[in-house]
Amino acid sequence: MIKTVGILGAGQLARMLAQAGKPLGLEFIFLDPAEDACAAEFGEHICAGWDDEVALRQLGQRSDVVTFDFENVPESSASLIESLCPVYPPPRALFKSQDRMREKTMMQELGIPVAPFYPVSSRPDLAAAVEKIGLPCVLKTRRFGYDGKGQAVLRFQEDMERAWQVLGDHELICEGFVSFDVECSIIAARGKDGRTVFWPLTQNLHRDGILAISMAPAFDSQLQSRAEALIQRLLDHLDYVGVMALELFLKDGELLANEFAPRVHNSGHWTIDGDGTSQFENHLRAICGLPLGDTENSSRSLMFNLLGEMPAYAKQHLADQNAIPGVHWHDYRKTARAGRKIGHVTVVAGSEAGLRARAAQLASELGVAEELNLENVMQGLSN
Ligand code: AMP
């Protein structure tokens, strides 16, 4: 029986995994180089680098299973741990996701639609890629990009040189720019027996490359089935165990994949407070070989990320969670820093009208109503 779960990374995702795991009787041990890692209050924290062999061995020897909340763990570190105890999701999924070329090539081979893409290692490569794809297009670093970092949109010929000056030191990928109608993500959990459960396709709004809002359910059952079929191909191909998220663009009714995350995902945080089983609990259930929980969801949820500094309104309500029914505050207890994800709040309601009213009031109290244009975001809500 699994008792101790090791986690590579001790950020907010590890924190929420540990919170979900306590009622399952699980204990946690984290490895993370950050001294003030926010999951550390929920278990032992081995404060060491991702390539510290002694620390990796310690984690592997003391855990019954190891997972990660961070996908840039070096391949050699995951392999070292795998020689000592099971690692889920399979490190192969981690490595595919670490390099956008590898990731997109795999998706293309599996018949998952993606925007056209080419590798770029030199200035002539860039000119050739732009020639083939056409403008606008997006130049991205192949590795270590997140939350819109390490990427540039090229709209005019002269943008090429500017982008090259900034990104040219890295291995790059150039992709077609998708003028999407909306962004969405499908999140699934696959158990060791291959059984897979899905959460409702979630609509996402990004600001400056960072997720601002997620809302679910937001699409009809036909689109849901199509998204499920796409992620299922990845899950089966990788013989995956755990939670995976697939980020998608919706354009003229067609789904195009952007990237997958081999872990719990920010756009699934609403699953903690919407009914059914959360992505965090099901991730743990999957990697521990426990039966997966139900993801049936009859309520409607909208999540706002809280970035930078905790707003005064949030601080007031964090102390009294019950003050507004259907509004759930989460503080990751991280030090405030511009643009940093420091918490989230989820609004849950039984009806679309109820969700609209509660979300509009909350957006206005948080001072983000104008910037996020909630009415526009909610236009796509299905019944
Ligand atoms: P990524 O780091 O690939 O997840 O990109 C962050 C955000 O940038 C996405 O959520 C989109 O809003 C935007 N983006 C990324 N790639 C493209 C693309 N090919 N076309 C249009 N927007 C994109």
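See the structure printed just above.
Residues numbered from 1 in each chain as written. Predicted model: local features only at pLDDT ≥ 70, side-chain atom pairs only at ≥ 80, totals over all residues. Heavy atoms only, no water.

K.L.:
Help me understand helix H8 (residues 221–237), please; the structure alone is not making it clear to me.
P.N.:
Within an α-helix, residues lying three or four positions from one another point in the same direction, as the helix has 3.6 residues per turn. Taking 1.5 Å of rise per residue, 17 residues should cover 24 Å, and H8 covers 24 Å from first to last C-alpha, within 8% of that figure. All of the buried residues in H8 are Leu223, Gln224, Ala227, Leu230, Ile231, Leu234 and Leu235. An end-on view of H8 places all buried positions within 140 degrees of arc, on one side of the element. Opposite the packed face of H8, turned more than 90 degrees from it, sit the exposed residues Ser221 and Gln222. Buried residues belonging to H8 abut helix H5 (100–109), strand E9 (182–190), strand E10 (196–198), strand E13 (242–251) and strand E14 (254–261). (Helix = DSSP H or I, 4+ residues; strand = E, 2+ residues; numbered from the N terminus. Expected span 1.5 Å × (residues − 1). Buried < 20%, exposed > 50% of the residue type's maximum accessible area, 1.4 Å probe, protein only. Arc of directions from axis to C-beta. Contact = heavy atoms within 4.5 Å.)

K.L.:
I'm lost on empty space enclosed by the protein in this one. Help?
P.N.:
With a probe scaled to a water molecule rolled over the atoms, the places where space remains empty come into view. Counted under the stated rule, the structure contains one cavity of 30 Å³ or more. Of the voids in this model, the largest cavity is the one considered here, and its volume is about 40 Å³. In terms of lining residues, the largest cavity is bounded by Glu183, Cys184, Asn204, His206, Glu247, Leu248, Phe249 and Asn258. Those elements that provide at least two residues to the lining of the largest cavity are E9, strand E11 (202–207) and E13. In terms of residue count, E13 provides more of the lining of the largest cavity than any other element does, three residues in total. Partitioning the lining of the largest cavity into residue classes produces three nonpolar, three polar and two charged. (1 Å grid on protein atoms, 1.4 Å probe; cavity = no way out; pocket = protein on both sides within 12 Å on 5 of 7 lines; lining within 4 Å. Points joined across faces, edges and corners; volume = space filled by probe spheres on them. Nonpolar A, V, L, I, M, F, W, Y, C, P; charged D, E, K, R; others polar.)

K.L.:
Would you mind going over unusual backbone geometry with me for this structure?
P.N.:
Omega for the peptide link from tyrosine 88 to proline 89 comes to -5 degrees, which places this bond in the cis form. You can see proline 89 is positioned in the loop between helix H3 (75–82) and helix H4 (91–98). Cis geometry marks the peptide bond from alanine 216 to proline 217, where omega comes out at -10 degrees. Mapped onto the elements of the fold, proline 217 is located in the loop between strand E12 (210–216) and H8. The backbone phi angle of aspartate 208 is positive, close to 50 degrees, even though this residue is not glycine. By the secondary structure assignment, aspartate 208 is in the loop between E11 and E12.

K.L.:
What should I look at first to understand the sheet that holds strand E3 (residues 44–46) in this one?
P.N.:
Strand pairing in a sheet relies on backbone hydrogen bonds, with the paired strands running either antiparallel or parallel. Read across the sheet, four strands follow the order E3-E2-E1-E4 without closing on themselves; strand pairing throughout is parallel. Only two strands of the sheet have a single neighbouring strand rather than two, namely E3 and strand E4 (65–68). With strand direction ignored, the average angle separating the axes of adjacent strands in the sheet is 25 degrees. Sheet topology places strand E2 (residues 27–31) next to E3; three bridges connect them, and they run parallel. Pairing of isoleucine 29 across the sheet is with glutamate 44, part of E3. (Pairing = 2+ DSSP bridges. Axes fitted to C-alpha atoms, helices over the stretch in contact; angles between N-to-C directions.)

K.L.:
Which parts of the structure should I look at to understand the site of the ligand?
P.N.:
For the ligand, the set of nearby residues contains 16 residues, the closest of which are Lys140, Gly176, Val178, Glu183 and Glu259. One nitrogen or oxygen atom from the side chain of glutamine 151 is found 3.0 Å from an oxygen atom belonging to the ligand. Glutamate 183 places a polar side-chain atom, nitrogen or oxygen, 2.6 Å from an oxygen atom of the ligand. Calculation on the ligand without its partners gives an accessible area of 470 Å², and the protein chains cover 91% of this total. (Near = heavy atom within 4 Å. Polar contact = N/O pair within 3.5 Å; in protein donor to acceptor, adjacent residues only side chain to side chain. Areas by Shrake-Rupley, 256 points an atom, 1.4 Å probe, with all protein chains shown as cover.)

K.L.:
Would you mind going over the layout of surface pockets with me for this structure?
P.N.:
In this model, the second largest pocket occupies a volume close to 300 Å³. Surrounding the second largest pocket, 15 residues form its lining, Asn305, Leu306, Leu307, Val368 and Glu371 being those nearest its centre. Contributions of two or more residues to the lining of the second largest pocket are made by E12, strand E15 (300–307) and helix H12 (369–372). A total of four residues in the lining of the second largest pocket trace back to one element, the largest contributor, which is E15.

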